[in-house]
Structure formats: structure tokens, C-alpha cells
Amino acid sequence: MTIPVKPPAETPRYIRLNAADNVAIIVNAFGMPTGTTFPDGLTLREYVPQGHKVSLTDIAQDQPIIRYGEVIGYALEALPVGSWVEESRVRMPEPPSLEGLDLATRTPPTMPPLEGFTFEGFRNKDGSVGTKNILAISTSVQCVAGTLEIALKRIKDELLPKYPNVDDVVALTHVYGCGVAISAPKSEIPIRTLQNLAKHPNYGGEVMIISLGCEKLRPERLLPNGTDSAQTDIMSLQDETLTSFGAMIELIMQMADDRLKILNARKRETCPASELVVGMQCGGSDAFSGVTANPALGFASDLLVRAGATVMFSEVTEVRDAIHLLTPRAANEQVARDLIREIKWYDDYLDQGGVDRSANTTPGNKKGGLNNIVEKALGSSAKSGSAAISGVLSPGERVREKGLIFAATPASDFVCGTLQLASGMNVHIFTTGRGTPYGLSSVPVIKVATRNELAQRWADLIDVNAGTIATGDATIEDVGWEVFRLILDVASGKKKTCTDKWGLYNALALFNPAPIT
Ligand code: CA
């Protein structure tokens, strides 16, 4: 962090979120130098970087540091008013116990319905609605990935131009399928993820599976339940009738061509906003995430829930330390218990690896002002807005109900995105403070910046700037409505997200907590 030589000319600004807070974060880009006096008289004892915390009162050693009205740590040394509450001066608290939590004790009342909002989507036979029209080629094992890559290039070059209503062709490749303990209890996660990915709403029910032939994950398991189309929908590279590599490529192209013809006939139709399944995520968070972008997403989430849609929030390690704030919001005791079950599963998973939830924070998070996972989690869970939590999904399960859903996933961006895809999200919203050029090909990804500086520097990568909330140029409600309207427009194909304009797409990443053999 470089200390500016001369103080910036703009008015010094800080944000205190809750009347109980004894710290606030510095708004001004590049921070403020020693001696800066704020309009209310607070004077900095030392340089405090942007997004980092300043003590608003004298905090004695061992006394709690309070942000969001919650204890985010304890002072390791005295922090007189105006001090930089820097990471090395803060001791992290223990996570809330999973015993004795309040279960559905403060379920928020149903919010007034929001009617009349629609989007233009692709309605599928199974009732789901797509927001893109994509041919997805599933794979049952990583051994086929190289072959499929060659076929995919030819499909895109030679076939896709003939079918203008089809947006893209994607290969659902991964590193699973063989060399794995296929019947280990935890293997159900990667397997159901692949099963549910194959029937994603944006793929129009057109299934096509490339298999090797000898792998542990039998390709039939990737066919949707109740379908008996192994003869036509699965091709095996070891098929004895394929007498050359060229023949394999030709067969893949033929199968793709048959499906592209069908997909090309798909038409958008007007659908109620209740058909949206929105997956929310953050990545490269900073101290503004919980002040600007995530609360704006929370407001948008409430609007979506009021419109009857499904909204998923995820990232277990980033809600772990806010669990005591979430279980009271469950729609009923069972939902609260399901929430605790998923958190407990993840605590055990981390414990087996010899770490805890504090392994989540990155050097970038800390540079952005987040002292620890407690502070990060309180900001991350702001995405969940204020609605009742109406359901919980284990990793990779398909959504079953409308409303606000906790879909348990790791916080790792691509793993979370892949699991939310498997759950059936048709629009993804991603908030970032440090900045990450994240994109997925299968759904539109709306990127929201937490700070003006990032939104300006990455104007061609960021769709919404929530930094205006920190500078007082917009309210949480303003940005929340902007996000809500943009969701409807991108779901309709009327507006393209930055990642879609660039064709900026990252590979999927399966979550496999089971042993590899
Ligand atoms: Ca993430």
C-alpha cells in the first residue's frame, strides 16, 4: 500500500454501518493520511488505507471491535480513537456454536408481492425456463476431453454459423469419472452435479454424452431420470464400429448437428419473473462488499423473492460466522436444521483437511480492509437480503422451491458457480471489490463492483457500479432496482453482459470431496 505524498482534495469520508459500531471504514480512494480531520471532528492518528477501519472511540486492549453491530474481533493492543484497526492488531473470535441456535424464531413476514414483471425466456418441456439457447455436450470422464475439444472447434466453425438462434456450444468437461472412488459416500456430490448440469434449463433438454467406454462413471447415469435414450444420446469413443479418430470426430459432429437443428427452433416467450433462478456470489471481496454491492444484491434479492422468483445464496465459509443471524430467519424449524446440517458438514470437511473457516480469506481480501473471515462473512451474507430463508440445498442439488434458498457450496468462485449451475440458476450475479474477470458461458453473469475506482478502471468488465452507494451518489435501493431490471433484460437476451460481449468464459470446476484412487 503506497502512502500518498499529499492529501487528496476531496472531502474525507467514512462509513459507519450500525450505531453500535466502534469502527468505520475509509471511503476515499487511496486512503487518507495522518492528521486528516473528518467533518465530525474525528482525526486520524495515522494513515488509513481505503476500505480499512478507523477506531471511532478509544478501544482498550482485549475489548471487542464492533462492525455491522457484531463483534468482528478483539483489540490485541490499545487502539485510541483515530487509529488504523489493522489486521495484526485484531484477534479473531471463535465461530458461533452450532448448538443452541435460535431456529425460525424471527421468520420475516411474507413481503408484499411484486407483480407485472416479466422476461422473454425459452420455456422447456420440464417446466424450467432458459435464458440462453446452448448446445451442451456432457462427458462422463476426463479421458474424452481432448477429443471433444477438437470436435468442438469444428462444430463452432462449421456447424454453429448455420443455426443463428443457437447462442453457443459448450463442452461440459471435468477431471472426474475414473480414477476415483465412485461409490464413496461423498462421491454423490460430483455425480449429481454432472447429472444436474446435463439438464440445465439453458440446454433445452437436448442431451448428448461423450463417453470413453471403460470408465467408472457409467454414461447412462448422466441421462435425465426416466429417459431411455442411451442408444441415441450416448457415444463411446471405444465403440468398435468407429475405426479411426476421424470417425469419432465425425460422429460427434453428426450428433451435434441433429441437436443444433432442434435447438435452433427454440423461441423466446414472455415468462413471469417468478421463473428466474438467480445465483448470487462474490469473489475478490473487500471491505466495501458488505457496504455497497452485497446489500444492493440483498435488496434485489428481496425484489426477486417478492416477484415469486428463486434466489440462491451460497459459500458456506462466508456464512459460517453469520449463522446465528440466519437460523432465526428460516421459514420453519426444519429449514433452520437443514442450514445447520450443511454448515456442520462443512466444518467437518475442513477439519479433516486440518484447517478451519479462516483458511478462506485471501491476501487481497486483507489488503481490501477485511481483517478476518468474521468480517468477510458479515459482509457476504448481506447478499441474502431480508426475506425468510425458505429452503436449503446440499451441493449440486436441483432447486425444489421458490423464494430465498441457501445452496451450500464452497466459496471458491468457479466451484460455487458450477454448483449453482447444477442447481438450475438461469442468471448469475457476481460482486467484486478487488476485481476478477470471472465469466461462465452457460448463463449470463452480471458483474457488480463494490467501488467506483474498480468500476472506472474496469468499465468494460463491470456491468453495475455499486460504489456510488459509498460516495452517497446512490442508495442501496437505487442500485438494487438497477440490478433487478438488468436481470430481466439480460435474461431476455435484450442486453448483453460484459462477459458475454467479450466471450469471456472460465472452465467449470467440480466439487469432489471424495477420494481419488
Ligand atoms: Ca466466491
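What follows covers the coordination of the calcium ion. The protein atoms that coordinate the calcium ion are Gln281 (OE1), Cys282 (O), Glu315 (OE), Ala411 (O) and Asp413 (OD), at distances of 2.3 to 2.5 Å. Sequence positions of the residues that donate to the calcium ion give the spacing Q-C-x32-E-x95-A-x1-D. In this pair, Glu315 is assigned in the loop between strand 15 (310-313) and helix 6 (323-326) and Asp413 in helix 10 (residues 413-422), connecting sequence segments 98 residues apart. On the basis of relative accessible area, Glu315 is assigned to the buried category, the value being 0%. The exposure class assigned to Asp413 is buried, which follows from its relative accessible area of 16%.

Here the focus is the domain arrangement of the chain. Under the domain assignment used here, the chain contains domain 1 (134-263) and domain 2 (270-502). Computed over C-alpha atoms, the centres of domain 1 and domain 2 are 30 Å apart. Contact with domain 1, which involves 14 residues of that partner, is made by 17 residues of domain 2. With both chains or domains summed, domain 1 and domain 2 bury close to 1,300 Å², and 54% of this area falls on carbon and sulfur atoms. At the boundary of domain 1 and domain 2, one finds seven residue pairs in polar contact (both at pLDDT 80 or more). Broken down by secondary-structure element, the contributors of at least two residues to the side of domain 1 that touches domain 2 are strand 10 (168-172) and helix 2 (188-198). Here the element with the most residues in the side of domain 1 that touches domain 2 is helix 2; it accounts for five residues.

On to the packing of aromatic side chains, then. Tallying each qualifying case throughout the model produces 14 aromatic pairs. Taking 6.2 Å as the distance between ring centres and 80° as the angle between the ring planes, the aromatic pair formed by Trp345 and Phe511 counts as edge-to-face. In this pair, Trp345 sits in helix 7 (residues 333-352) while Phe511 sits in the segment after helix 14 (498-502), placing the two residues 166 residues apart along the sequence. For the ring pair Tyr349 and Phe511, a centre distance of 5.5 Å and an interplane angle of 85° mean the geometry is edge-to-face. Separated by 162 residues along the polypeptide, Tyr349 in helix 7 and Phe511 in the segment after helix 14 bring together distant segments of the chain. Taking the relative accessible area as the measure of exposure, Tyr349 reaches 25% and is therefore partly exposed. An aromatic cluster is defined as three or more aromatic residues linked by ring pairs; in this entry it consists of Trp345, Tyr346, Tyr349 and Phe511.

Another point: the packing of helix 1 (residues 145-159) against helix 4 (residues 245-264). Helices that pack against each other are described as a pair by the angle of their axes relative to one another and the distance between those axes. The interhelical angle for the contact between helix 1 and helix 4, taken along N-to-C directions, is 50°, at an axis separation of 9 Å. By the angle between their directions, the pair helix 1 and helix 4 is classed as oblique. Of the two elements, helix 1 crosses helix 4, and the hand of that crossing is right-handed. Listed contacts from helix 4 to Thr147, Leu148, Ile150, Ala151, Arg154, Ile155, Glu158 and Leu159 of helix 1 are Phe245, Ile249, Glu250, Ile252, Met253, Ala256, Asp257 and Leu260.

Here the focus is the pattern of salt bridges. In this structure the tally under the stated criterion is 31 salt bridges. When the shortest N-O distance is used, the salt bridge between Arg154 and Glu158 registers 2.9 Å. Remark: Glu158 and Arg154 occur in helix 1; sequence separation between them is four residues, near one turn of the helix. A relative accessible area of 30% places Arg154 in the partly exposed class.

Now for helix 4. The terminal C-alpha atoms of helix 4, which comprises 20 residues, lie 28 Å apart, in line with the 28 Å expected from a rise of 1.5 Å per residue. Summarising the contacts, the buried residues of helix 4 are in contact with strand 9 (134-139), helix 1, strand 10, strand 11 (209-211), helix 3 (230-233) and strand 12 (234-236).

A few words on the side chain of Gln281. Structurally, Gln281 is set in strand 14 (residues 277-282). You can call Gln281 buried: its relative accessible area is 0%. Dropping the residues within four chain positions of it, Gln281 is found in contact with Glu315, Lys383, Ala411, Ser412, Asp413, Cys416, Gly417, His428, Ile429, Phe430, Thr431 and Tyr438.

Let's shift gears to helix 7. In this model helix 7 runs 29 Å from its N-terminal to its C-terminal C-alpha over 20 residues, within 8% of the 28 Å that 1.5 Å per residue would give. One side-chain oxygen of the residue at the start of helix 7 lies 3.1 Å from the amide nitrogen of Gln334, identifying that residue as Asn332. Backbone geometry just downstream of helix 7 places Gly354 in the positive-phi region, at approximately 75°.

Moving on, we come to the sheet that holds strand 20 (residues 464-465). Taken together, seven strands build an open sheet; the order of strands is 16-17-15-14-18-19-20 and the sheet is parallel. Looking at which strands have only one partner, the edges of the open sheet turn out to be strand 16 (389-393) and strand 20. Across two bridges, the pairing between strand 19 (residues 445-449) and strand 20 is parallel. Residue pairing for strand 20: Ala449 is matched across the bridge by Asn465.

One non-glycine residue, Tyr68, lies in positive phi territory at about 60°. Tracing the chain through its elements places Tyr68 in the loop between strand 4 (64-67) and strand 5 (70-75). Backbone geometry at Ala104 places phi at a positive 50°, although glycine is not the residue there. Among the secondary structure elements, Ala104 is positioned in the loop between strand 6 (90-91) and strand 7 (118-123).

Attention now goes to the side chain of Thr292. Topologically, Thr292 is positioned in the loop between strand 14 and helix 5 (293-306). Those residues within four positions of Thr292 in sequence are excluded, and the remaining contacts are Thr450, Ala466, Ile469 and Ala470.

Cut-off values and rules
Residues numbered from 1 in each chain as written. Predicted model: local features only at pLDDT ≥ 70, side-chain atom pairs only at ≥ 80, totals over all residues. Heavy atoms only, no water. Donors = N, O, S within 2.8 Å, 3.2 Å for Na, K, Ca; no water. Helix = DSSP H or I, 4+ residues; strand = E, 2+ residues; numbered from the N terminus. Buried < 20%, exposed > 50% of the residue type's maximum accessible area, 1.4 Å probe, protein only. Domains from an automatic or database assignment. Contact = heavy atoms within 4.5 Å. Buried area = accessible area lost by both parts, 1.4 Å probe. Polar contact = N/O pair within 3.5 Å; in protein donor to acceptor, adjacent residues only side chain to side chain. Phe/Tyr/Trp six-rings, centres within 6.5 Å; stacked < 30°, edge-to-face > 60°. Axes fitted to C-alpha atoms, helices over the stretch in contact; angles between N-to-C directions. Parallel < 35°, antiparallel > 145°, perpendicular 65-115°, else oblique. Left-handed = near helix turned anticlockwise from the far one by under 90°. Salt bridge = Lys/Arg side-chain N within 4 Å of Asp/Glu carboxyl O. Expected span 1.5 Å × (residues − 1). Pairing = 2+ DSSP bridges.

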